[in-house]
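Now for the letters of each chain:
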Amino acid sequence: QVQLMESGGGSVQAGGSLRLSCATSGYSAITLCMGWFRQAPGKEREGVAWLYTPDGSTYYADSVKGRFTISRENAKNTLSLQMNSLKPEDTAMYYCAAFKAPCSFQPGRVDYWGQGTQVTVSS
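Residues numbered from 1 in each chain as written. Predicted model: local features only at pLDDT ≥ 70, side-chain atom pairs only at ≥ 80, totals over all residues. Heavy atoms only, no water.

Undergrad: Residue-level account of the side chain of Glu6, with values.
TA: With respect to the secondary-structure elements, Glu6 resides in strand β1 (residues 3–7). Buried within the structure, Glu6 lacks any salt-bridge partner; its nearest side chain of opposite charge belongs to Arg45, at an N-O separation of 7.8 Å. Separated by 2.9 Å, the side chain of Glu6 and the backbone nitrogen of Gln115 make a polar contact. Apart from residues lying up to four places away in sequence, Glu6 is in contact with Ser21, Cys22, Trp36, Tyr94, Tyr95, Cys96, Gly114, Gln115, Gly116 and Thr117. (Helix = DSSP H or I, 4+ residues; strand = E, 2+ residues; numbered from the N terminus. Buried < 20%, exposed > 50% of the residue type's maximum accessible area, 1.4 Å probe, protein only. Lys, Arg positive; Asp, Glu negative; His and termini not counted. Salt bridge = Lys/Arg side-chain N within 4 Å of Asp/Glu carboxyl O. Polar contact = N/O pair within 3.5 Å; in protein donor to acceptor, adjacent residues only side chain to side chain. Contact = heavy atoms within 4.5 Å.)

See the structure below:
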């Protein structure tokens, strides 16, 4: 029922910006939380940010706090992640995620995943 599709990834120099988008369908009808995860080569998938639908609460991983912003756009049908002041360590495959349960940075708690979009930040 819930389908997610990421876009906006690419290559950028350190200090630059990128904006990721996640187009959704059947999303707000059943999900309580939306978020972004990322997975760098050779590392485990980790949570980046989430947004709790009922009250709009947001949470960010310490590594991206102050640089990334999660938001909803286009009548709540699109989830975005604005990434500023990008660093080489931000290089990863970024995944859009949706939860039926409370927000979590545990990948195992994710109910729906997007296909991923690659972000590469060079020095």
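Now that the structure is up, let's keep going.
Undergrad: With reference to specific residues and values, describe the packing of aromatic side chains.
TA: Counting across every chain of the model gives six aromatic pairs. Both rings, one in Phe37 and one in Phe99, keep their centres 6.2 Å apart while their planes meet at 35°; by these two values the pair is tilted. Of the two residues, Phe37 is situated in strand β4 (residues 33–39) and Phe99 in strand β9 (residues 92–99); the sequence distance between them amounts to 62 residues. Like Phe37, the residue Phe99 is buried in the burial classification. Three or more aromatic residues joined by ring pairs make a cluster, and in this case those are Phe37, Trp50, Tyr59, Tyr95, Phe99, Phe105 and Trp113. Positioned above the aromatic ring of Tyr95, the side-chain terminus of Arg45 is 3.8 Å from the ring centre. Seen from the ring of Trp113, Arg45 lies directly overhead, with NZ or CZ sitting 4.5 Å from the centre. (Phe/Tyr/Trp six-rings, centres within 6.5 Å; stacked < 30°, edge-to-face > 60°. Lys NZ or Arg CZ within 6 Å of the ring centre and 35° of its normal.)

Undergrad: I'd like a rundown of the environment of Ser11, residues and numbers included.
TA: Relative to the helices and strands, Ser11 resides in strand β2 (residues 10–13). Note on Ser11: relative accessible area 64%, which makes it exposed. Each C-alpha atom, one on Ser11 and one on Arg72, is 24 Å from the other, the two residues being 61 residues apart in sequence.

Undergrad: With reference to specific residues and values, describe the pattern of salt bridges.
TA: Counted under the stated rule, the structure contains five salt bridges. The partner of Arg38 in a salt bridge is Glu46, and the shortest N-O contact between them spans 2.9 Å. Relative accessible area serves as the criterion here: at 5%, Arg38 is assigned to the buried category. One network of salt bridges, with partners in common, ties together Arg38, Glu46, Arg67 and Asp90.

Undergrad: Quick rundown of unusual backbone geometry? Include the residues and the values.
TA: The backbone of Ser85 shows a phi angle near 50°, a positive value even though the residue is not glycine. Structurally, the position occupied by Ser85 is in the loop between β8 (78–83) and β9.

Undergrad: Before we move on, could you go through the pairing of strand β11 (residues 117–122) and cite the residues and values that matter?
TA: Burial along β11 is one-sided: the residues Thr117, Val119 and Val121 are buried and none of Gln118, Thr120 and Ser122 is. Relative to β11, β2 is paired through four bridges, and the arrangement is parallel. Within β11, the position partnered with Val12 by the bridge is Val121. (Pairing = 2+ DSSP bridges.)

Undergrad: Residues and numbers for the sheet that holds strand β7 (residues 68–73), please.
TA: The antiparallel open sheet is built from four strands, whose spatial order is β1-β3-β8-β7. A strand with exactly one partner marks an edge of an open sheet, and here the two such strands are β1 and β7. Looking at each pair of strands side by side, their axes are set apart by 20° on average, direction ignored. Here five bridges tie β1 to strand β3 (residues 18–25), and the two strands are oriented antiparallel to one another. Looking across to β3, one finds that Glu6 is bridged to Cys22. (Axes fitted to C-alpha atoms, helices over the stretch in contact; angles between N-to-C directions.)

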